[in-house]
Amino acid sequence: MTAPLLELSGLTVDVATEDGGSRTLLDGVDLSLAPGEALGLVGESGSGKSMTMRAVTRLLPRAASASGSIRFEGADVLGMNAGELRRYRDGGVGLVFQDPRAHINPTRRIGAFLTEALVRNRGVGRREALARAAAVLAEVGIDDPQRRLGQYPHEVSGGMLQRVMIASVLLAEPRLILADEPTTALDVTIQREVVAILDRLRRERGMGMVFITHDLDLALAVCGRVAVMYAGRIVELRSADTLHERAAHPYTLGLLGSRPSIDARAERLSAIPGRPVSAFESGPGCAFAPRCSFATAGCESEPPAPTEFDGGLVRCARVEEIHAARMEAKA
Amino acid sequence: MKAVEGAGSVEDTDAVEGCDAVAARGLNKHFKAHHAVVDVDFDVPAGGSLGIVGESGSGKTTIARMLVGLERPSGGTITVMGRDRSRPARGARERGRRARELQIVFQDPYTSLDPSQSARAAVEEVLRHHGRDLSLAQDLVDQVGLTERQSHARPRDLSGGQRQRVAIARALAASPKVLILDEAVSALDVSIQAQVLNLLADIRAETGIAYLLISHDLAVVRQLCDTVLVLRRGRVVEQGECDRVLDDPAEDYTRALREAVPVPGWTVNA
Amino acid sequence: MNRTKHLWKRLNTTLGRSGMLSAAFLAVVLLAAILAPLVAPADPNQSSLLDAYAGPSGAHLLGADGIGRDLLSRLIFGARTSLLGPALVVGVSLLLGIPLALLASWYGGWVDGVIARVFDLVYALPGLLLAVLTVALFGPGLTPAVVALSIAYIPFLARIVRAAARQQRVSPYVDALAVQGFGVLRITVRHILRNIVPVVVGQAAIAFGYALLDLASLSYLGLAVQAPTADWGVMVSDSDALLKGYWFQVLAPGLLIVLTVLALTVLGARISGEKPPGYLRRKRPAQTAAPADASGNDRTTVGAAA
């Protein structure tokens, strides 16, 4: 096993509230990513998937504080000084956001947006930078890159702008890409193209990728392993190609049953009762227990530890009993 | 759960019997130079359920807005319950009648409720407006699965799914014959989306209301609709029974749409 | 009991410390104005030349003015005219401005265009100039001054109302109400206006302060409230006292004007939802040296989502 590219251990994020208290948003996240690996982070609102990404890039809100450890190629991210942090962000990690329009200055041309970091931070000549930008635009499948460099963000479509965003990330030649719902705002046909580009570039360049999404099936298609998050914790971590058959955590099972199928109408979707909660709203035990049809009194009081099960990591105290019961029902 | 039956007032009785719930013929809409909707025809049978599927810019939301009278068609006709509504309503009486024929639930649960009104107040206001019995408010609140406490809370204290239930209750308070669901479950978390889809199926089974579901999500359409219409750049690509169109599409665009949806075994390389 | 406690707490969190202090100060001023005959120690117009420019004493708590009128009593009675004028100005401009603003925001298009241009035109006219012109035409007095300022203040209030109403107008909930068959009047008044009340009240409080200042200036110039009447603006214009070196007789009403306007501005800003300065510099929790807070790394906060 090679040294991990990114390693989170016991990552916890608390945010101070106005009345002087604090609220936990992430509660002891452990995660390890090998160089060149793609990992999916899947969850609903409040699950902490975006907060994890913000912690990794140290883009937390002002009132939030992180503890635990984040290591990138062995370096302690939480302890970096301003200079180290700048180098880490420019060349270490690259970020792709959900809404490129909100993250690209609308008053400047695409060429200026793409070359700014190269020219200002790395001292690349303007002409050289533009040439590199054009080459990367071609790489993300944009025709006529020279013309695009002279256009403003409002002149191109959302799908095109997301490719520009990806191109800007590639220009910094990062070892890790963090993609936060990069296709949620796009149409499905465009989503497919953008995801295919991300996937191809990742493989060609050997970059690691953390792919954050609410769409479990999309994550399974893009990533080798998938972590399902609930209330600030990872509840199940499993290889993508076996998740559909082997999913063991009641929440993962619930998510799979909630999603209507495109192939057939279900008589009734097996919806999970209640609503998703954040870490600070949950009790001392398993955060999912109030919505779980398998929960016992013990689940509400004692937090479950992550355990190896059926080739994956599952955070459920009753995982074996539940699995046995399901197998029995199936037989 | 108790179904809330339509309490038709006197003027509702002249509705034409045995006709389609919604019929659109040669529907067109221009926004200056942009031709947003081009010669669209469709029917929603009484008690039926039609899904209109399309990507952004397909004109699906414009169609919904024309049906409820928030936009005026540039050409073509719309009939709801056998009555023409291609022109703006004249007078409060006609506005009220149209409201009791067709209602809508919008996509964004955060802006589609009056921030200063509780679920209960919103539903009662609508009941009062249509001259219906105020005691129906309790039944409606129960029907959409809101608790007593939630029904008295302001929208800001409710989750997205709960707010969408309020919006559904408010629409049903007019006891419409047709309900337009404009991306009504798209902004919800997966586990909440399933709850609301089940709720909508229950309501249809109990009341015989017709649905017109506007969505970009083929799986949601399949779950809730009998027929489907695929729209692209304002034009109808194909329409027909859900099973037929989705399992055996006649058009390349429909096939591309279907294949772009991530499903088990789906890979990124097209 | 619990309910009042809850209400108090909510008031406290919306207004903050500065807002509560402002509200308390204004309440005292208002109460004094209303109860003037009861709380004022003397008749404000009773002069006794023997007491001219008397210093503070048992007989005159804050002293007396040039013709021996009790200063405290004149300040208390002066609050009446000083507050009545701005109240009329704000009331009249709201009465005219709100319907215009709602009309513009509902219909948009050319209706909005015409109303917005008229607002811009009036906004460009200095209120004081308009008042001076009106007084030149109709003679000095509170009424012409109030009428002129009312017109001048319409855009100041209506532009804010229009922007806030516009924001509500494009919310889907307004569409939903229209689809329910509700009429324009009901939707705008019962829903839109109700939801923008904090903005209206906040802006009205700020306008009240400015109107107080403008009317005081006009009274100072002898164009609004006339001399023998007790009024803060008139009292500030007591040049005789200044010439003779009795500065307190001028400073006291001036200070009241400044404090009242300041309190109204602070309160108005808090009511319309503006956070007090320093809000972002929230105190950190006790366990400092949280790694993520080190070295100013968090300046690049992104968007709002989480």
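Rules used in this analysis
- Residues numbered from 1 in each chain as written.
- Chains lettered and ligands numbered in written order.
- Predicted model: local features only at pLDDT ≥ 70, side-chain atom pairs only at ≥ 80, totals over all residues.
- Helix = DSSP H or I, 4+ residues; strand = E, 2+ residues; numbered from the N terminus.
- Rg over C-alpha atoms; globule rule 2.2 N^0.38 Å.
- Buried ≥ 20, exposed ≤ 12 C-beta atoms within 10 Å, placed from the backbone.
- Contact = placed C-beta atoms within 7 Å.
- Pairing = 2+ DSSP bridges.
- Expected span 1.5 Å × (residues − 1).
- Nonpolar A, V, L, I, M, F, W, Y, C, P; charged D, E, K, R; others polar.
- Axes fitted to C-alpha atoms, helices over the stretch in contact; angles between N-to-C directions.
- Parallel < 35°, antiparallel > 145°, perpendicular 65-115°, else oblique.
- Left-handed = near helix turned anticlockwise from the far one by under 90°.
- Core = buried A, V, L, I, M, F, W, Y, C linked by C-beta atoms within 7 Å.
- pLDDT = per-residue confidence, 0-100.

Caption draft 1: Representation of the overall build of chain A within the structure. Looking only at helices and strands, chain A features 13 helices and 12 strands. Radius of gyration (C-alpha) of chain A: 21 Å, near the 20 Å computed for a compact globule of 331 residues. Its C-alpha atoms give chain A principal-axis dimensions of roughly 65 × 50 × 45 Å.

Caption draft 2: Molecular detail of the overall build of chain B. Scanning chain B for helices and strands turns up 10 helices and 10 strands. Its C-alpha atoms give chain B a radius of gyration of 19 Å, near enough to 18 Å, the size a compact globule of 270 residues would have. Its C-alpha atoms give chain B principal-axis dimensions of about 55 × 40 × 35 Å. Counting every position in chain B, which comprises 270 residues, the buried fraction comes to 50%. In chain B, once contacts between residues fewer than 6 apart in sequence are set aside, the share between residues at least 24 apart is 68%.

Caption draft 3: A look at the pairing of strand S6 (residues 102–105) of chain B. All names here are of chain B. What you see with S6 is no split at all: Leu102 and Ile104 on one side and Gln103 and Val105 on the other are buried throughout. Strand direction decides the pairing type here: S6 and strand S7 (residues 178–182), joined by four bridges, are parallel. In the sheet register, Leu102 faces S7, and the bridge partner there is Val178.

Caption draft 4: Expanded view of helix H4 (residues 109–124) of chain C. Given a rise of 1.5 Å per residue, 16 residues ought to cover 22 Å, and the 23 Å separating the end C-alpha atoms of H4 of chain C matches this to within 8%. Counting buried positions over the 16 residues of H4 of chain C gives one, only a small fraction of the element.

Caption draft 5: Main features of the interface of chain B and chain A. With 33 residues of chain B at the contact, the number on the chain A side is 32 residues. Elements supplying a minimum of two residues to the side of chain B that touches chain A: helix H7 (190–207), helix H8 (218–224) and helix H10 (252–259) of chain B. The element best represented in the side of chain B that touches chain A is H7 of chain B, accounting for eight residues. Of the residues in the side of chain B that touches chain A, the class split is 18 nonpolar, 11 polar and four charged.

Caption draft 6: The sheet that holds strand S9 (residues 225–230) of chain A, seen in detail. Residue and element names in this part refer to chain A. Pairing is mixed in the open sheet, where eight strands are placed in the order S6-S7-S8-S3-S9-S10-S12-S11. Each of the sheet's edge strands pairs with one partner strand only, and the pair in question is strand S6 (93–96) and strand S11 (307–309). Between one strand axis and the next, the sheet turns through 20 degrees on average, direction left out of account.

Caption draft 7: Region of interest: the packing of helix H1 (residues 2–34) of chain C against helix H12 (residues 248–271) of chain C. Residue and element names in this part refer to chain C. It is at 8 Å that the axes of H1 and H12 come closest, and there the two elements cross at 140 degrees. In terms of their interaxial angle, H1 and H12 are classed as oblique. Note that H1 runs across H12; the crossing there is left-handed. For the pair H1 and H12, the contacting residues are Thr14, Leu15, Gly16, Ser18, Gly19, Ser22, Ala23, Phe25, Leu26 and Val29 in the first and Leu259, Thr260, Ala263, Leu264, Val266, Leu267 and Arg270 in the second. Residues belonging to the contact of H1 with H12 are distributed by class as follows: 10 nonpolar, six polar and one charged.

Caption draft 8: Here's a closer look at unusual backbone geometry. Of note, the phi angle at Asp310 of chain A is positive, near 55 degrees, even though the residue is not glycine. Topologically, Asp310 of chain A is positioned in the loop between S11 and strand S12 (312–314). Phi angles above zero are rare outside glycine, and Asp39 of chain B is one such case at about 45 degrees.

Caption draft 9: View of the nonpolar core. Val178 and Ile180 of chain B are the most contacted members of the largest nonpolar core, which totals 255 residues. If you tally residues by element for this core, the top one is helix H6 (residues 142–169) of chain C, at 15 residues. Discounting residues that sit within four places of it in the chain, Ile180 of chain B has contacts with Ala64, Leu67, Val68, Leu102, Ile104, Leu212 and Ile214 of chain B.

Caption draft 10: Structural detail: the pairing of strand S3 (residues 38–42) of chain A. Residues and elements named next belong to chain A. The buried fraction of S3 is high, at five of five residues. Residues Ala38, Gly40 and Val42 point to one face of S3 and Leu39 and Leu41 to the other, with burial holding for every one of them. Pairing geometry for S3 and strand S8 (residues 208–213), over five bridges, is parallel. Each residue of the ladder has a partner; that of Gly40, found in S8, is Phe211.

Caption draft 11: Quick look at the environment of Thr77 of chain B. Residues and elements named next belong to chain B. Mapping Thr77 onto the fold places it in strand S4 (residues 75–80). For Thr77, a count of 14 C-beta atoms within 10 Å puts it in the partly exposed group. Considering only alpha carbons, one finds Thr77 and Asp189, 112 residues apart in sequence, at a separation of 37 Å. The residues contacting Thr77, other than those within four sequence positions of it, are Arg25, Gly26, Asp84 and Ser86.

Caption draft 12: Layout of the confidence of the model for chain B. Residue and element names in this part refer to chain B. In the predicted model, chain B carries a mean pLDDT of 90, and 93% of its residues have values of at least 70. Per-residue pLDDT stays below 50 along residues 5–15; that stretch engages in 10 contacts with residues further than four places along the chain or on separate chains. The ipTM, which scores confidence in the relative placement of chains, is 0.89 for this predicted complex, and the corresponding pTM is 0.84.

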